[in-house]
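The chain contents come next:
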Amino acid sequence: MKIPDNLTEDQVKIGSVSMVGGSATENGKEISSNLPGVQIYIGNKDWTSIMEITPLVDLKEKRVVRI
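Residues numbered from 1 in each chain as written. Predicted model: local features only at pLDDT ≥ 70, side-chain atom pairs only at ≥ 80, totals over all residues. Heavy atoms only, no water.

## Brief notes about the pairing of strand 2 (residues 29-43)
Consideration 1: Summarising the sheet, strand 1 (residues 12-26) and strand 2 pair through 14 bridges and their orientation is antiparallel. The residue bridging Ser18 from the neighbouring strand is Gly37, located in strand 2.
Consideration 2: In textbook terms, the turn of a hairpin is the stretch between consecutive antiparallel strands, and for strand 1 and strand 2 this stretch comprises two residues, one of which, Asn27, has a positive phi near 55 degrees.
Consideration 3: Note: strand 2 against strand 3 (residues 50-53), four bridges, orientation antiparallel. Bridge pairing in strand 3 links Ile42 to Met51.
Consideration 4: Linking two consecutive strands that pair antiparallel, namely strand 2 and strand 3, is a turn of six residues; a positive phi of about 60 degrees is found at Trp47 within it. (Pairing = 2+ DSSP bridges. Helix = DSSP H or I, 4+ residues; strand = E, 2+ residues; numbered from the N terminus.)

## Focus: the environment of Arg66
Consideration 1: Here Arg66 lies in strand 5 (residues 63-66).
Consideration 2: The spatial distance from the C-alpha of Arg66 to the C-alpha of Leu56 is 5.3 Å, given a sequence separation of ten residues.
Consideration 3: In this structure, Arg66 is in contact with Thr54, Pro55 and Leu56, ignoring residues within four places of it in sequence. (Contact = heavy atoms within 4.5 Å.)

## Focus on the environment of Ser23
Consideration 1: Assignment of secondary structure puts Ser23 in strand 1.
Consideration 2: Sequence-wise, Ser23 and Lys2 are 21 residues apart; in three dimensions their C-alpha atoms are separated by 27 Å.
Consideration 3: Among all residues touching Ser23, those that are not within four sequence positions of it are Glu30, Ile31 and Ser32.

## Concerning the side chain of Asp58
Consideration 1: Turning to its location among the elements, Asp58 is positioned in strand 4 (residues 56-58).
Consideration 2: Arg63 provides the closest opposite charge to the buried, salt-bridge-free Asp58, at an N-O distance of 4.9 Å.
Consideration 3: Reaching out from Asp58, the side chain makes a polar contact with the backbone nitrogen of Glu61 at a distance of 3.0 Å. (Buried < 20%, exposed > 50% of the residue type's maximum accessible area, 1.4 Å probe, protein only. Lys, Arg positive; Asp, Glu negative; His and termini not counted. Salt bridge = Lys/Arg side-chain N within 4 Å of Asp/Glu carboxyl O. Polar contact = N/O pair within 3.5 Å; in protein donor to acceptor, adjacent residues only side chain to side chain.)

## Comments concerning the nonpolar core
Consideration 1: Listed in full, the six residues of the largest apolar core are Val38, Ile40, Ile42, Met51, Ile53 and Val57.
Consideration 2: Looking at this core, the elements that each hand over two or more residues are strand 2 and strand 3.
Consideration 3: Per element, the largest residue contribution to this core is three residues, and it comes from strand 2. (Core = buried A, V, L, I, M, F, W, Y, C linked by side-chain atoms within 4.5 Å.)

That's the geometry; what it means functionally is another story.
Here it is as structure tokens:
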């Protein structure tokens, strides 16, 4: 499923927020993190097709780090 171009508030539901641990390699250096992840559901108009995404948020930088 593709995220609709004309996404409305009725098509988005927030499931939960939880801490998500992980690691990544950046410039040859491994970085570990424990960041809040926001579970978001996106559905079509009648919710017969649903996509789940969990963006990770860096609260210090005030930005989404990864989806």
